[in-house]
Every structure is written in C-alpha cells, then in structure tokens.
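Chain by chain, the residues run as shown.
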Amino acid sequence: MEKARRDIRALSLDELRHFFTSHSAPAFKGDQVYEWLWRKGAHNFLGMTNLSKSHRSLLEEYFVIHHIAVDQLQRSDDGTIKNAIRLHDGYLVESVLIPTDTRSTACVSSQVGCSLDCHFCATAKLKRMRNLNPDEIYDQVVEIDKQSQLYYNRPLTNIVFMGMGEPLMNYKNTLAAIDKITSPDGLGMSPKRITVSTSGITKIIREISEQNPKFKLAVSLHSAIEETRNRLMPFTKSFPLDQLLEALKYWYDKTKSKITFEVVVWKGINDKQADIDALVFYCKQVPSKVNLIEYNAIGDDQFVQATPMAISAYTTALKDNRISVTVRRSRGKDIDAACGQLANKNH
Ligand code: SAH
C-alpha cells in the first residue's frame, strides 16, 4: 500500500533540514526547498531547479504540496474584490481585498465555517468544518497581495483576520501563519499592519499575551452589558465581560498595544444611553479605542442598523471621554463581501 504523503508545508525549516540530513543529503537542501515553498510559491517539486532529480523524486515520494485556488472572483462597484477560495480537500472559504485611496487591506479567513453562534453574523450559520492550516492562511494573503498589485498597482498594506471563523479558536495555526507573514523569509510585513479580530476567547488572549504576539488585537464587543452581549453572542456566557477585561488588561501589560473594540449599533438593541455609558465605562478600564461598524444585513429582521443620531451619540460620548473612535463604513456589500456576510452564498 502506498504510504500517505505528508503536507510538506507543515514542516518547519529545521524539520526540512533534518529530512535531508537523514537521507544523507546536505542540510542546506532544506533551506532551498523552504525558499521554494514559502518565497517562490512552488506548486510542484519538478520546478525546484536547484535540486537534483533524485532529491526531487525523494520529496515526491514523501510529500505533497497543497495549494489554494481561486474558485470565483467577484468585484464590487466600490472596488472590493471577494474570492471564493477552494482548499485542497474541496472546502471553500472567502477572502476579500478592500482597497481605499491609501491602503490595500486583505481580509482573510481562519476556519471553514465557525463554531461560534453570533446571531448577527452569516458565517455563524455555517457549521465549523475544520481549521485552516498555516499555509492556507498564508496563501490567502499571497493571493490577495497579487490581486492588489494587479488591480491597484501596489502591494498589500494591511491584513485583518476578520473573514470566516474565529482566529483564536485556531490560534496555533493563525500564529504560525502570522510568523510567516511577518518573517523576512516570508512576506516581511510589519506586525503593526496586522489585526486579529476575536470574539473574546479570554483564556487564549492570556496565553498569546505571553508569546510576543506580532499583531494588534481587536475584540468584537458589541455590548458592554452582559445580558445584551449574551443575547447577541450566546457563547459569551462562558466568557463574562469582567474576565474578558482582565485578559485584555493582561494583554496590554504584556504588549503595550491598545485594544480596538468593535461595536455594531442596532436599533432597539444597543442604541440607548445606558448602552453608551456601559461602553464608555468599560473602555476606560483598559487602553483602547472603538471602531463602530456599520451593520451589514444578513436577512434577519430583528437586526436593523441604528440611526445616524444614535451613532453620533456614541461618537460624542466616546470623544468626550477621550476614547478615540472611528466609524467603519462597510465595503463590498453588493457582493456580500462585507463584515459578517461571508457565507459561501454563491455555492
Ligand atoms: N470571529 C472574529 C472575526 C470575524 S468577524 C470576530 O468575531 O471578531 C469580523 C467582525 O465583523 C467582527 O467584529 C464581527 O462582530 C463583525 N460582524 C459580524 N457580522 C456582522 C454583520 N452582519 N455586520 C457587521 N459586522 C459584523
């Protein structure tokens, strides 16, 4: 029986070197293969021209190279590009390129589907099928970078982990991908330009705080009132707001990096003065800023974007308390590419 071949991109550089030395070849062959895999994006062993034929067949015997493929590309009227990405085992995830005048941002997925249950998010309606591997996350960034060069004549400037899935429920692979994205032998991107958005998995936030994280943290808060937050995101019953706050303080102590709270304001749900007061009070306890996100409809009548008056009540109160606040306009809505709309709809 043929033995199962391993995904070669699951190996570290050291493991690749070791593979060659254990087959009586020099260790630097591992470096050459590593470069082919990560810098040059090789899709097969045949093209690794600085390797002998016998080394190429050796690799062929033990390994496969998985790669992603763009299954469908949609362009929005506002320039946003949404990709349906096919993984080697047939699953689909979505990745988005969001261009502005000065930036090109990649929004990438970390899981196929999602295990959380945020009522307002279309991805939550899909079951979590599996975690993405580091190379599958990395490859999305490489693909979006290529599209940015092709369509907008500039490389990617920013990466946000705000696509499908909860990155901290797949944190090992997410961190491994970020290592490659920031490493000089990968894409060499600055950690300041990478944001991981989480629904607030407190234990993992603490754990990562100690690992010199190479990204900024955004937390989908939506409400600083326990009961309201629990109703919107039922899983948060296991992650109470006070524990979240402690974890975020710990994050700040370790990283000195401010937290961004993401808040969507909905009519009749969190648009009252009490909601604003609770948010201001919460924010004051940890160095943070607020990003008010426009709601993107997902076909559920109970959620309606709050009025501009409610939004400006939020911004005024936050500013009055010297908490910086931005309002994020939604992009790519016409092609279901906006926050919370990624749900493989056309498949
Ligand atoms: N699981 C992670 C990352 C994915 S969601 C997280 O929850 O942070 C990225 C952002 O989009 C989150 O802030 C999320 O709360 C928000 N979001 C989800 N559904 C949305 C919707 N329908 N409209 C606007 N934002 C939404």
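The model shown is predicted, which means the values in this text are computed figures rather than measured ones.

**Topic: the pairing of strand β13 (residues 288-293)**
And then number 1: Across the six residues of β13, five count as buried, placing the element largely inside the fold.
And then number 2: In this structure, strand β12 (residues 259-264) lies alongside β13, joined through six bridges in parallel fashion. Bridging from a neighbouring strand, I259 pairs with S288 of β13.
And then number 3: As for the winding sense of the linkage, the β-α-β connection from β12 through helix α9 (residues 273-283) to β13 is right-handed.
And then number 4: Here four bridges tie β13 to strand β14 (residues 325-328), and the two strands are oriented parallel to one another.

**Some remarks on the sheet that holds β13**
And then number 1: A sheet is described by the order of its strands in space; here 10 strands give the open sequence β3-β4-β5-β6-β9-β10-β11-β12-β13-β14, paired in mixed fashion. The open sheet has two edge strands with one neighbour each: β3 (69-75) and β14. Adjacent strand axes in the sheet meet at a mean angle of 20°, parallel and antiparallel pairs treated alike.
And then number 2: Taken together, the six bridges between strand β4 (residues 81-86) and strand β5 (residues 92-99) define a ladder with antiparallel strand orientation. Note on β5: the bridge partner recorded for K82 is V96.
And then number 3: In this fold helix α10 (residues 308-320) packs onto β13 and β14, with an angle of close to 155° to the strand it touches most, β14.

**Details of the site of the ligand**
And then number 1: Lining the immediate surroundings of the ligand are 21 residues, of which S197, S199, S220, H222 and N296 lie closest.
And then number 2: Take F120: an N or O atom from its main chain is 2.9 Å from a nitrogen atom of the ligand.
And then number 3: Only β10 (194-198) and β12 provide two or more residues apiece to the shell around the ligand.
And then number 4: Counted by class, the shell around the ligand contains nine nonpolar, nine polar and three charged residues.

**Examining the nonpolar core**
And then number 1: Counting residues in hydrophobic clusters, the biggest one holds 108 residues, and the most contacted among them are M48, L59, F261 and V290.
And then number 2: When residues of this core are assigned to domains, at least three map to each of domain 1 (6-64) and domain 2 (69-335).
And then number 3: If near-sequence neighbours (up to four positions away) are discounted, V290 is found in contact with F261, V263, L279, C283, L318, I323, S324, V325 and T326.

**Observations concerning the side chain of T105**
And then number 1: Inspection of the secondary structure puts T105 in strand β6 (residues 104-107).
And then number 2: On the basis of relative accessibility, which here comes to 11%, the residue T105 falls in the buried class.
And then number 3: Once you skip the residues sitting within four places of it in the chain, T105 turns out to touch V96, L97, I98, L156, N158 and V160.

**Let's talk about helix α8 (residues 241-255)**
And then number 1: Its 15 residues place the ends of α8 21 Å apart at the C-alpha level, agreeing with the 21 Å of an ideal helix rising 1.5 Å per residue.
And then number 2: Listed in full, the buried residues belonging to α8 are L241, L244, L245, A247, L248 and W251. Looking straight down α8, one finds its buried side chains confined to an arc of 165°; they lie on one side.
And then number 3: Here the buried face of α8 lies against α6 (202-209), β11 (216-220), α7 (226-232), β12 and α9.
And then number 4: In the stretch just after α8, K256 is the one whose phi turns positive, near 60°.

**With respect to the packing of helix α1 (residues 13-21) against helix α2 (residues 28-38)**
And then number 1: Following both chains from N to C, one finds α1 and α2 inclined at 130°, their axes separated by 7 Å at the closest point. Judged by the angle between their axes, α1 and α2 are oblique. The handedness of the crossing between α1 and α2 is right-handed. Within the contact between the two elements, α1 uses L13, L16, R17 and F20 and α2 uses K29, G30, D31, V33, Y34 and L37.
And then number 2: Of the residues contributing to the contact of α1 with α2, the split by class is six nonpolar, one polar and three charged.

**Things to note about a nonpolar patch on the surface**
And then number 1: Side chains of V70, L73, L150 and Y151 sit close together on the surface and give an oily, nonpolar patch of about 330 Å² of accessible area.
And then number 2: Elements that contribute at least two residues to the nonpolar patch include exactly β3 and α4 (134-152).
And then number 3: Looking at where L150 falls in the secondary structure, it is placed in helix α4.

**As for unusual backbone geometry**
And then number 1: Even without being a glycine, H222 presents a positive backbone phi close to 65°.
And then number 2: With respect to the helices, strands and loops of the structure, H222 is situated in the loop between β11 and α7.
And then number 3: When its relative accessible area of 5% is taken as the criterion, H222 is described as buried.

**Thoughts on the pairing of β5**
And then number 1: Of all the eight residues making up β5, seven are buried; the element is thus mostly covered by neighbouring parts of the structure.
And then number 2: Between β4 and the antiparallel strand that follows it, β5, lie five residues; G90 among them carries a positive phi value of about 100°.
And then number 3: Sheet analysis places β5 next to β6, joined by four bridges and oriented antiparallel. Within β6, the position partnered with V96 by the bridge is C107.
And then number 4: Following β5, the chain reverses through four residues before pairing antiparallel with β6.

The rules behind these values
- Residues numbered from 1 in each chain as written.
- Predicted model: local features only at pLDDT ≥ 70, side-chain atom pairs only at ≥ 80, totals over all residues.
- Heavy atoms only, no water.
- Buried < 20%, exposed > 50% of the residue type's maximum accessible area, 1.4 Å probe, protein only.
- Helix = DSSP H or I, 4+ residues; strand = E, 2+ residues; numbered from the N terminus.
- Pairing = 2+ DSSP bridges.
- Right-handed = clockwise from strand over helix to strand, strands pointing away.
- Axes fitted to C-alpha atoms, helices over the stretch in contact; angles between N-to-C directions.
- Contact = heavy atoms within 4.5 Å.
- Near = heavy atom within 4 Å.
- Polar contact = N/O pair within 3.5 Å; in protein donor to acceptor, adjacent residues only side chain to side chain.
- Nonpolar A, V, L, I, M, F, W, Y, C, P; charged D, E, K, R; others polar.
- Core = buried A, V, L, I, M, F, W, Y, C linked by side-chain atoms within 4.5 Å.
- Domains from an automatic or database assignment.
- Expected span 1.5 Å × (residues − 1).
- Arc of directions from axis to C-beta.
- Parallel < 35°, antiparallel > 145°, perpendicular 65-115°, else oblique.
- Left-handed = near helix turned anticlockwise from the far one by under 90°.
- Patch = residues over 30% accessible without salt bridge, like charges linked within 9 Å, V, L, I, M, F, W, Y side chains within 5 Å.
- Areas by Shrake-Rupley, 256 points an atom, 1.4 Å probe, with all protein chains shown as cover.
- Salt bridge = Lys/Arg side-chain N within 4 Å of Asp/Glu carboxyl O.

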